[in-house]
Amino acid sequence: MTNNYVGKRVKRTEDPRLIRGLAHYVDDVALPGTLHVTFVRSIYAHAKITGIDTSAALSTPGVVAVYTGQDVAGKIGPVPCASALPELKVPDHRVLATDKVYFVGHPIAAIVATDRYAARDAVDLVMVDYEELPVVTDVEQAANGGPVIHEAFGDNIAYKLTSGEGDIDAAFTAADRTVKQRILHNRLAPIAMEPRGVLARYFPGEEELTIWSSTQIPHLMRTQVALMIGIPENKLRVITPEVGGGFGSKLNVYSEEALLGWIAMQLGKPVKWIETRRENMQATIHGRGQVGDIEVGFKNDGTLTGLRYSVFADLGAYHQLLTPAIPTLTGLMLSGAYKIPAIQMNITGCFTNKMATDAYRGAGRPEATYVVERALDLVAAELGVDPAEVRRKNFPSPDEFPFHTATGLDYDSGDYETALNKAQEIIGYAQLREEQKKARDEGRLIGIGVSTYVEICALGPSQAMPAGGWESATVRIEPTGKVTVLTGASPHGQGQETSFAQIVADELGVNINDVTVIHGDTGVVQYGIGTFGSRATAVGGTAVFVAVQKLKEKAQKIAAHMLKADASHILFEGGKYSLQAAAAASATGVSEPVVPVGQAPAGALPEPETDGKSNLTIQDIALAAHLAKDLPPDTEPGLSATYFFEPKNFTFPFGTHIAVVEVDHETGDIKFLRYVAVDDCGRVINPMLVDGQVHGGIVQSIGQAMYEEVVYDEQGQLVTGTLMDYAVPRAKHIPNFELDRTETPSPVNPLGVKGVGEAGTIGATPAIVGAIVDALAPFGVRHLDMPVKPENVWRIINGN
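Residues numbered from 1 in each chain as written. Predicted model: local features only at pLDDT ≥ 70, side-chain atom pairs only at ≥ 80, totals over all residues. Heavy atoms only, no water.

**Some remarks on the overall build of the protein chain**
Point 1. Of the regular secondary structure elements, the protein chain holds 21 helices and 28 strands.
Point 2. Relative to its length of 800 residues, the protein chain is compact, with a C-alpha radius of gyration of 29 Å against a globular reference of 28 Å.
Point 3. The 800 residues of the protein chain split such that 61% are buried.
Point 4. Within the protein chain, contacts between residues at least 6 apart in sequence are counted, and of these 80% link residues at least 24 apart.
Point 5. Accessible area for the protein chain stands at about 30000 Å²; split by element, carbon and sulfur atoms hold 50% of it.
Point 6. In the protein chain, which carries 68 positive and 94 negative side-chain charges, the distance between the mean positions of the two groups comes to 2 Å. (Helix = DSSP H or I, 4+ residues; strand = E, 2+ residues; numbered from the N terminus. Rg over C-alpha atoms; globule rule 2.2 N^0.38 Å. Buried < 20%, exposed > 50% of the residue type's maximum accessible area, 1.4 Å probe, protein only. Contact = heavy atoms within 4.5 Å. Areas by Shrake-Rupley, 256 points an atom, 1.4 Å probe, with all protein chains shown as cover. Lys, Arg positive; Asp, Glu negative; His and termini not counted. Charge placed at Lys NZ, Arg CZ, Asp CG, Glu CD.)

**Focus: the sheet that holds strand S19 (residues 471-477)**
Point 1. With mixed pairing, four strands are arranged side by side in an open sheet as S21-S20-S19-S25. Whereas interior strands pair on both sides, the edge strands pair on one side only; in this sheet they are strand S21 (515-518) and strand S25 (640-645). The mean angle between the axes of side-by-side strands here comes to 15°, regardless of whether they run parallel or antiparallel.
Point 2. Sheet topology note: the S19/S25 ladder contains six bridges and is antiparallel. Note on S25: the bridge partner recorded for Val-475 is Ala-641. (Pairing = 2+ DSSP bridges. Axes fitted to C-alpha atoms, helices over the stretch in contact; angles between N-to-C directions.)

**A closer look at the packing of helix H15 (residues 496-508) against helix H16 (residues 536-562)**
Point 1. Two numbers describe how H15 lies on H16: the axes approach to 10 Å, and their chain directions differ by 25°. It follows that H15 is roughly parallel to H16 by the angle criterion. Note on packing geometry: the crossing formed by H15 with H16 is right-handed. Two secondary-structure elements touch here, H15 through Gln-496, Ser-499, Phe-500, Ile-503, Val-504, Glu-507 and Leu-508 and H16 through Ala-536, Thr-537, Gly-540, Gly-541, Val-544, Phe-545, Val-548, Gln-549, Leu-551 and Lys-552. (Parallel < 35°, antiparallel > 145°, perpendicular 65-115°, else oblique. Left-handed = near helix turned anticlockwise from the far one by under 90°.)

**Brief notes about the domain arrangement of the protein chain**
Point 1. For the protein chain, the assigned domains read domain 1 (31-133 + 206-245 + 250-270), domain 2 (290-461 + 648-797) and domain 3 (470-645).
Point 2. In this structure, domain 1 and domain 2 have C-alpha centres spaced 37 Å apart.
Point 3. On the domain 2 side, the residues contacting the 23 residues of domain 1 number 19 residues.
Point 4. When the two sides are added together, the surface that domain 1 and domain 2 hide from each other amounts to roughly 1800 Å², 66% of it contributed by carbon and sulfur.
Point 5. Applying the counting rule to domain 1 against domain 2 returns zero salt bridges. (Domains from an automatic or database assignment. Buried area = accessible area lost by both parts, 1.4 Å probe. Salt bridge = Lys/Arg side-chain N within 4 Å of Asp/Glu carboxyl O.)

**Here we look at helix H4 (residues 116-123)**
Point 1. Ala-118, Ala-119, Ala-122 and Val-123 are the residues of H4 that are buried. Looking straight down H4, one finds that the buried residues subtend no more than 150° of arc, so they occupy a single side. The exposed set on the far side of H4, more than 90 degrees from its buried face, consists of Tyr-117 and Asp-121.
Point 2. Check the buried side of H4 and you find it contacts strand S1 (35-41), helix H2 (55-58), strand S3 (63-68) and strand S5 (107-113).
Point 3. N-capping of H4 is provided by Asp-115, with a side-chain oxygen placed 2.9 Å from the backbone N of Tyr-117. (Arc of directions from axis to C-beta. Polar contact = N/O pair within 3.5 Å; in protein donor to acceptor, adjacent residues only side chain to side chain.)

**A word on the pairing of strand S18 (residues 445-454)**
Point 1. Counted residue by residue, S18 has 10 buried out of 10 residues, so it is predominantly covered.
Point 2. Here S18 shows a buried face lined by Leu-445, Gly-447, Gly-449, Ser-451 and Tyr-453 and a second buried face lined by Ile-446, Ile-448, Val-450, Thr-452 and Val-454.
Point 3. The pairing of S18 with strand S26 (residues 654-663) spans 10 bridges and is antiparallel. Within S26, the position partnered with Thr-452 by the bridge is Thr-656.

**Focus on the packing of helix H19 (residues 687-706) against helix H20 (residues 759-775)**
Think of two packed helices as two axes; the pair is described by the angle between the axes and how far apart they sit.
Point 1. Closest axis-to-axis distance for the H19/H20 pair is 8 Å, and the angle between their directions is 45°. When the axis of H19 is compared with that of H20, the two are oblique. Judged by the sense of rotation from one axis to the other, the crossing of H19 with H20 is right-handed. Here Val-694, Gly-697, Ile-698, Gln-700, Ser-701, Ile-702, Gln-704, Ala-705 and Met-706 of H19 lie close against H20, whose contacting residues are Gly-760, Thr-761, Ile-762, Ala-764, Thr-765, Ile-768, Val-769 and Ile-772.
Point 2. A per-class count over the contact of H19 with H20 returns 10 nonpolar, seven polar and no charged. (Nonpolar A, V, L, I, M, F, W, Y, C, P; charged D, E, K, R; others polar.)

**A short note on the nonpolar core**
One recurring pattern in soluble globular proteins is that nonpolar side chains are buried together.
Point 1. Core analysis: the largest hydrophobic core is formed by 170 residues, its most contacted members being Leu-259 and Tyr-675.
Point 2. There are two domains that each give this core at least three residues, and those are domain 1 (31-133 + 206-245 + 250-270) and domain 2 (290-461 + 648-797).
Point 3. Setting aside its immediate chain neighbours within four residues, Tyr-675 contacts His-657, Ile-658, Ala-659, Ile-698, Pro-735, Asn-736, Phe-737, Glu-738, Ala-764, Ala-767 and Ile-768. (Core = buried A, V, L, I, M, F, W, Y, C linked by side-chain atoms within 4.5 Å.)

**Re the sheet that holds strand S23 (residues 576-579)**
Point 1. Judged by pairing direction, the sheet is antiparallel, and its three strands sit side by side in the order S22-S23-S24 without closing on themselves. One side of each edge strand has no neighbouring strand; the edge strands of this open sheet are strand S22 (570-573) and strand S24 (615-617). Averaged over all neighbouring strand pairs, the angle between strand axes comes to 20°, with direction disregarded.
Point 2. Here S23 pairs with S24 via three bridges, running antiparallel. Across the sheet, Lys-576 pairs through a bridge with Thr-617, a residue of S24.
Point 3. Across the face of the sheet, helix H18 (residues 618-627) comes into contact with S22, S23 and S24 while running at roughly 75° to S24.

**A short note on the pattern of salt bridges**
Point 1. In the structure shown here, the tally under the stated rule is 47 salt bridges.
Point 2. A salt bridge links Arg-196 to Glu-256; the shortest N-O distance between them is 3.0 Å. Taken together, the residues span a long stretch of sequence, with Arg-196 in the loop between strand S8 (177-185) and strand S9 (197-203) and Glu-256 in helix H8 (residues 255-267) at a distance of 60 residues. Per residue, the accessibility class of Arg-196 equals that of Glu-256, and both read buried.
Point 3. When salt bridges that share partners are traced, they join Arg-41, Arg-196, Glu-256, Glu-275 and Glu-279 into one network.

What follows is the structure in C-alpha cells.
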C-alpha cells in the first residue's frame, strides 16, 4: 500500500463534470417519445372530494391521459412507512387522493401530455369539487381534541413513547436547583438545489421497467416501488443520476416514483415529471417541527442530575418512510456530550394538516443538541458561571469510553475537553470575554455562544434500522489493470467518488485516476442501503476497504504461485508483490530484485513474464487472473471481491463550535464577528471534503437560527410557498469559518472513520442562538425562539 492519497486534500474527481455542465440530472436524460406528467394538487388543507371532472383536460390537444385516485385505487399500493414503533398509527396514504385531501399540495390527478406545457395548461381544466373540513395546524391543538384528520384513528395522536434510563424522580429530588424552558424547533424546507425528478420507461417485450429518480436510496426504492406496483423486483431497474442535493429530503419513496412507473407500464412510452419549486415546498418532506418543554436538575456546583424533555412532534398529515422515527432519534441523543444520570423523553407524535416531516440534515440530532445545549446555557445563567465551564464539568473523560448514556446508547470514543480547549485557544476565549466586558461598557452588544455537541452517525447496525444497516462494495481489477469500485452507497455531493478512490488507490498502490467508483444503478451495483445519516464512508467506505483486503489476499495467493514461493514470503508494497530478500535469493540465485515487467503494448494483453523475477505489479496479477493459464489450484479466474459490512455499533462524532456576534442597537441586525468550529469525525480521509461538509452544515444552521421557517396559516395554506417568501441565507450573510479538528478514531470500523455530513447542522445552531442570547443578556434575555429575526431583537432592545 501507499500513503499518497488518504489524509490528503485531494480535489474531487466528480467536480469537473459538474462545474463544466457535463453532468446528467434526471431532466437531462432524453428518451425518444417521452411524455410529460403534471399533477393537480389540492388547494385545501382538509376537504372531501365530492367529484372530479377531467373531460375538458382530456379534450385538450396534446393530452394523452388523465389518472385520478379512483383509476389507480387497488392497482398501486400505499406509500411505504418503514418505522416500527409500538401502537403506531399508519395512515393508508395512496399515490393519488381518493375521497379526501389532508394537506395543501396533496396530489389528486396526474395529467400526461406530449409536452410539459400542454400538461401544465391542462391542470387548470380539471374541475375538483370539494367539501371543506375543519383544519388543524397547531400540533398541541391536534393532540388535545382538534379536528380529526384520519377518522379511522379517532384522534390525531399517531403514537406516544416514553424512553430513558435512571430514576428521573430521584434525580430531580437530588438536585439543588432546576431550570425549565419551552423549546421550539421550527419547520424547515430542505431546499435542495435541484427539486425531485422521475423518468420511467417500460419495455413490454422484456417486461422490464427502468426508473431514473433523484433518490438517495436507489436499491430500497426499487424494492418498495416493485411492491407498490406489483412488478417483480428483478424486472425493475432504478438509476440515480446526479441528485442535485438531498439533505434527507430524497431519502423517501414518494408517490410520484411509483405512479410514473405504473403510467409507463400502461402507456408503453417513457414518462417524465420534474418537480417545480412550488411543488417542492408543498409536497417534498419538511424537517424539524417539534415543540417541547425541557427540565434540568443540577447541583450548585453545576453537576447535572437529571433531564426530562416532553415534546409534541408535528408529523404532518401522513407518514413518509421515516417520519415517526425522527423524534425518537432526538430522544436517543438527549445526553449530548455529558454525564447525566437520569433522562426521560416523552414523545407525542401528532398528525396535522401539513406536509409530512421526515429526515432533514441531522434528522433528530439537531433537535436534541439544541435542547441540551440551551439547557446547559440556562444552567450557566442560573449559576452565574461561564457556559464553557458548566460543559467541561459534565464531560465524561476519555478513559470512560465506551460511555453508556441514560438514553441507552454506548458512545464509541471521545475526548470532548480537548476539542473544547482547542476551540477556545483558536478564538482566544479568555481575552474574548474581557473584550466583551469592555464592549458592553461602551454600549456595544457582543455575544459569545458555545456548543459542545456529540452526534450519532454511521447509521448502522441492522437491529436498529428499519431496512438493514449494512453496506456493500465490490472492488474489481480489470484485465488492463484499471480498478472499478461498485458501492451500494449513493453519494450525491458528499464526495465518495473521490474518497473511496483514495482508499482503494492507497491500498492497491495505484494511481487514483485509474480508479472508477460506480454507484446509483441497481442494474450494475450489488444491493445496497444508500446514503443518509453520515453513513456512506463509515459503513460504505469500510465495505470498500475490507473488499480490497479480500482482493489482495487472492492476489497474494496468485503472486506466490507465479513467483514459486510460499505466500508467507510475499510482501505487498507500493502496488507490487515481492519476494522477501532471503526467499528471493533462494528462488532466483541473485540478491538484487529484477526490474518488473513494463506496461503492455497498445492493443495487446501480453502474458506476464515471471521467470527470474522477484516482484509482480498488481496489474500483472490482474492480467494473469483473467487469462487464467497459470493459477493456483482451486482458484477462480478474475480478480475481484465483494463485501457486506455490518457495523456492530453507531459512531459518535463530536466537537465544539463557538460563535461571536454583535447586535445593532438601532436595527436589531445581527452580525457575525467570528465563527470557530473544531470537529472530530474520527480518521479523516480527505480534509477538503470534511471542510466542505462542515461549511454547508453551518450555513444551514444559520438558516434555521436566523432566517428559515415553514409557515402555514390557520386554514392550512402554505404562506412560505416560494423562495420569495421562504428566506434562505445568502453569501453576504455567511461569516468566514475558522475550522480545525481533533482526530479520535472510532473502534467500530477498521478505518476509524466516524462521519461528518451532518456535523455543522448539529453543532452550529445552539452556538449561534447562544451568542445572540448572550448579546442580549443585559436586557434580561435567557432564551429566544428560532428564527431570531432583527425585528424581534429590535423589539427586545426597545422594550416592545
